[in-house]
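Secondary and tertiary structure notes
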Amino acid sequence: MFIISLNYIKAISEIEVHIDAHNDFLDKHYADKKFLMSGRKNPRTGGIIIAQNATIEEIREIIKEDPFHQYQVAEYEITEFLPTKFNSDLKTILEAL
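Residues numbered from 1 in each chain as written. Predicted model: local features only at pLDDT ≥ 70, side-chain atom pairs only at ≥ 80, totals over all residues. Heavy atoms only, no water.

**Re the layout of surface pockets**
Just so we agree on the cut-off: Site definitions follow a grid-based scheme: protein atoms alone, a 1 Å grid, a 1.4 Å probe that fits but cannot get out for cavities, and for pockets an open set with protein on both sides within 12 Å along at least five of seven lines, plus lining residues having an atom within 4 Å of a point. Grid points are joined across faces, edges and corners, and a volume is the space filled by probe spheres set on the points. Put simply, DSSP marks the helices as runs of H or I at least four residues long and the strands as runs of E at least two long, and each gets a number from the N terminus on. Residues are grouped as follows: Ala, Val, Leu, Ile, Met, Phe, Trp, Tyr, Cys and Pro are nonpolar; Asp, Glu, Lys and Arg are charged; all remaining types, including Gly, are polar.
Space inside the largest pocket adds up to approximately 180 Å³. Contributing to the lining of the largest pocket are 14 residues, with Tyr-8, His-22, Leu-26, Gly-39 and Arg-40 lying nearest its centre. Looking at the lining of the largest pocket, the elements that each hand over two or more residues are strand S1 (2-8), helix H2 (19-31), strand S2 (35-40) and strand S3 (46-51). Its residues assigned to classes, the lining of the largest pocket shows seven nonpolar, six polar and one charged.

Right, dumping it as structure tokens:
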């Protein structure tokens, strides 16, 4: 699994210009089971994506598709982690990895 942390490097007004295309990007990768969850940071300085079923190389390639990356309005940090303890409600999801 991966935590993809986005940090906005442009004003929110510039982020908003690309938000619909960014949501389409997210939807695409939810449909192909690469993304597990995502959302805004609070305060709104960026966002988080939890990704699965991919290698680090695939994650790097996926990020290149994000309009936030293409228009250089966000920076990305990728952290890989191996879940070892988790809420039992997540067992089915994690067993599929």
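**Description of the sheet that holds S1**
To keep it simple, the criterion reads: At least two DSSP bridges between two strands are required for those strands to pair. Lines fitted to C-alpha atoms define the axes here, with helix axes fitted over just the stretch in contact, and angles between the N-to-C directions of these axes take values from 0 to 180 degrees. Pairs of residues are marked as contacts when any of their non-hydrogen atoms sit within 4.5 Å.
Taken in spatial order, the four strands of this open sheet run S2-S3-S1-S4, and their pairing is antiparallel. Edge positions in the sheet fall to S2 and strand S4 (74-80), since each of these pairs with one other strand and no more. Put simply, the sheet's adjacent strands are angled 15 degrees from each other on average, direction ignored. Pairing of S1 with S4, which is carried by seven bridges, proceeds in the antiparallel orientation. Bridging across to S4, Ile-4 finds its partner in Ile-78. Each of S1, S2 and S3 touches H2; the most contacted strand, S2, lies at about 155 degrees to it. Across the sheet, helix H3 (residues 56-65) lies against S1, S2, S3 and S4, angled at about 165 degrees from S4, the strand it touches most.

**A look at the UniProt feature "domain: YCII-related" (unreviewed entry) in the protein**
Definition in use: UniProt positions are given in the numbering used here, feature names are shortened, and annotations may be inferred rather than shown by experiment.
Here, UniProt's "domain: YCII-related" (unreviewed entry) annotation points to residues 9-81. Across residues 9-81, helical content stands at 45% and strand content at 26%; the span's end C-alpha atoms are separated by 25 Å.

**What to know about the pattern of salt bridges**
Here is the rule: Within this document, salt bridges are pairs made up of a side-chain nitrogen of Lys or Arg and a carboxyl oxygen of Asp or Glu, the two lying within 4 Å of each other. Exposure is judged per residue with a 1.4 Å probe applied to protein chains only, and the accessible area is read against the type maximum: over 50% gives exposed, under 20% gives buried, and values in between give partly exposed.
Scanning the entire structure with this criterion turns up three salt bridges. For the salt bridge of Glu-16 with Arg-44, the shortest nitrogen-to-oxygen distance reads 2.7 Å. Of this pair, Glu-16 sits in helix H1 (residues 12-17) while Arg-44 sits in the loop between S2 and S3, and the two are 28 residues apart along the sequence. Assessed through its relative accessible area of 34%, Glu-16 is described here as partly exposed. In this structure, Lys-28 and Glu-65 form a salt bridge, with 3.0 Å as the shortest nitrogen-oxygen distance. In this pair, Lys-28 sits in helix H2 while Glu-65 sits in helix H3, placing the two residues 37 residues apart along the sequence.

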